[in-house]
Amino acid sequence: MKVHHYQISCLWLTVAVLLLGGCAWSTQREPELPINSLLQTQAEMLPSNWSFVPVASRDVFTDTDITLGQWAVIKSFQDQNSGKGMLIMELHAFASASDAQLKFTTSVIGPQVLVGVIPDNWIYQPAHADQFEIRCQQSMRQNSPEWCGAILRYAEYVISMKTPIVEHFTVDDFAHLLEITDQAMTDFLGRSVLKPGRRSLPSDLEMQESPQTE
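So, here is what we can say about the structure in this document. (Residues numbered from 1 in each chain as written. Predicted model: local features only at pLDDT ≥ 70, side-chain atom pairs only at ≥ 80, totals over all residues. Heavy atoms only, no water.)

### Points about the packing of helix 2 (residues 35-43) against helix 4 (residues 171-191)
Thinking step 1. Contact geometry of helix 2 with helix 4 gives a least axis separation of 10 Å together with a crossing angle of 150°. When the interaxial angle is binned, helix 2 and helix 4 end up roughly antiparallel. Here helix 2 runs over helix 4; the crossing is right-handed. Seen from helix 2, the contacting residues are L38, T41 and Q42; seen from helix 4, they are L177, I180, T181, A184 and M185.
Thinking step 2. Among the residues forming the contact of helix 2 with helix 4, the class breakdown is five nonpolar, three polar and no charged. (Axes fitted to C-alpha atoms, helices over the stretch in contact; angles between N-to-C directions. Helix = DSSP H or I, 4+ residues; strand = E, 2+ residues; numbered from the N terminus. Parallel < 35°, antiparallel > 145°, perpendicular 65-115°, else oblique. Left-handed = near helix turned anticlockwise from the far one by under 90°. Contact = heavy atoms within 4.5 Å. Nonpolar A, V, L, I, M, F, W, Y, C, P; charged D, E, K, R; others polar.)

Written out as structure tokens, the structure is:
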């Protein structure tokens, strides 16, 4: 009888651990997202004077990610003529799709941070994104460009993009960029495997250095 009680106690302890610690469980992708390949795919349709420096492991945030994600990358495309940052992209990887879905609606990268309205003539919707929001706003300053921002979720990944709408990069171009991103993420998810385990840093990094920590 004592053995029976011991087995029941162990069972309840296991259940408690699962309930209390389940949220901390992580999943991993094999292979992990090739971040520079994604950026290069985007760069091929951006204005020729917009360029980016490939992501190195020093550019990957881990425990410093304010969304408490597994890792995050923030990268901007620079206008080589003016030196200004143009397209700014954030990519956050979370422990699971359900965690990403929760953070999409509650965190600092969710739709609530988008400013402006949906363009009147906007019709594009990413075919494969689990969640998607877009907003555009005209600056109050004279002759300043309109900015558009979009947030997309694919399983456990959340992508945020913000860019000025200028003469050589229109709202239609932004829709094309989102379409290319949608296809690239869909292709990646289709050839990767999700399983339990510790999340790895994104693959194809430019340099293998220590990630940023505090």
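### Quick word on the environment of W71
Thinking step 1. With respect to the element layout, W71 can be found in strand 4 (residues 71-79).
Thinking step 2. Along the primary structure W71 and A95 are separated by 24 residues, whereas in three dimensions their C-alpha atoms are 9.4 Å apart.
Thinking step 3. One polar contact links the side chain of W71 to the main-chain carbonyl oxygen of S200, over a distance of 2.9 Å. (Polar contact = N/O pair within 3.5 Å; in protein donor to acceptor, adjacent residues only side chain to side chain.)

### A word on the packing of aromatic side chains
Thinking step 1. This model, assessed by the stated rule, comprises six aromatic pairs.
Thinking step 2. A centroid spacing of 6.5 Å and a plane angle of 80° characterise the contact between W122 and Y124, whose relative ring orientation is edge-to-face. Note on accessibility: W122 and Y124 belong to one class, buried.
Thinking step 3. An aromatic cluster of three or more residues is present, and its members are W71, Y157 and F188.
Thinking step 4. Above the ring of W147, the side-chain terminus of K162 is found at 5.2 Å from the ring centroid. (Phe/Tyr/Trp six-rings, centres within 6.5 Å; stacked < 30°, edge-to-face > 60°. Buried < 20%, exposed > 50% of the residue type's maximum accessible area, 1.4 Å probe, protein only. Lys NZ or Arg CZ within 6 Å of the ring centre and 35° of its normal.)

### Comments concerning the nonpolar core
Thinking step 1. Core analysis: the biggest nonpolar cluster contains 43 residues, and I35, L91, W122, M161, F174 and L178 have the highest contact counts within it.
Thinking step 2. Those elements that place two or more of their residues in this core are helix 2, strand 4, strand 5 (85-93), strand 6 (131-138), strand 7 (146-154), strand 8 (157-165) and helix 4.
Thinking step 3. Broken down by element, the residue count for this core peaks at eight residues, all from helix 4.
Thinking step 4. If near-sequence neighbours (up to four positions away) are discounted, M161 is found in contact with Q42, L87, I88, M89, C148, G149, A150, L152, F174, L177, L178 and T181.
Thinking step 5. Within the second largest apolar cluster, seven residues are counted, among which are A100, I109, L114 and I151. (Core = buried A, V, L, I, M, F, W, Y, C linked by side-chain atoms within 4.5 Å.)

### Description of the environment of Y157
Thinking step 1. Among the secondary structure elements, Y157 is positioned in strand 8.
Thinking step 2. You can call Y157 buried: its relative accessible area is 0%.
Thinking step 3. Side-chain polar atoms of Y157 contact the side chain of E32, separated by 2.4 Å.

### Observations concerning the side chain of N36
Thinking step 1. Examined against the element boundaries, N36 turns out to sit in helix 2.
Thinking step 2. Setting aside anything within four residues of it in sequence, one finds N36 in contact with F52, P54, V55, D204, L205 and E206.

### Notes on a nonpolar patch on the surface
Thinking step 1. Residues I66, V108 and V113 make up a contiguous nonpolar surface patch of about 290 Å² in total accessible area.
Thinking step 2. Here V113 is to be found in the loop between helix 3 (97-106) and strand 6.
Thinking step 3. Overall, V113 belongs to the partly exposed group, its relative accessible area being 40%. (Patch = residues over 30% accessible without salt bridge, like charges linked within 9 Å, V, L, I, M, F, W, Y side chains within 5 Å. Areas by Shrake-Rupley, 256 points an atom, 1.4 Å probe, with all protein chains shown as cover. Salt bridge = Lys/Arg side-chain N within 4 Å of Asp/Glu carboxyl O.)

### Remarks on helix 4
Thinking step 1. With 21 residues, helix 4 ought to run about 30 Å at 1.5 Å a step, and its terminal C-alpha atoms sit 31 Å apart, in line with that.
Thinking step 2. Listed as buried for helix 4 are V171, F174, A175, L177, L178, I180, T181, D182, M185 and F188.
Thinking step 3. Where helix 4 is buried, its residues touch strand 1 (27-30), helix 2, strand 5, strand 6, strand 7 and strand 8. (Expected span 1.5 Å × (residues − 1).)

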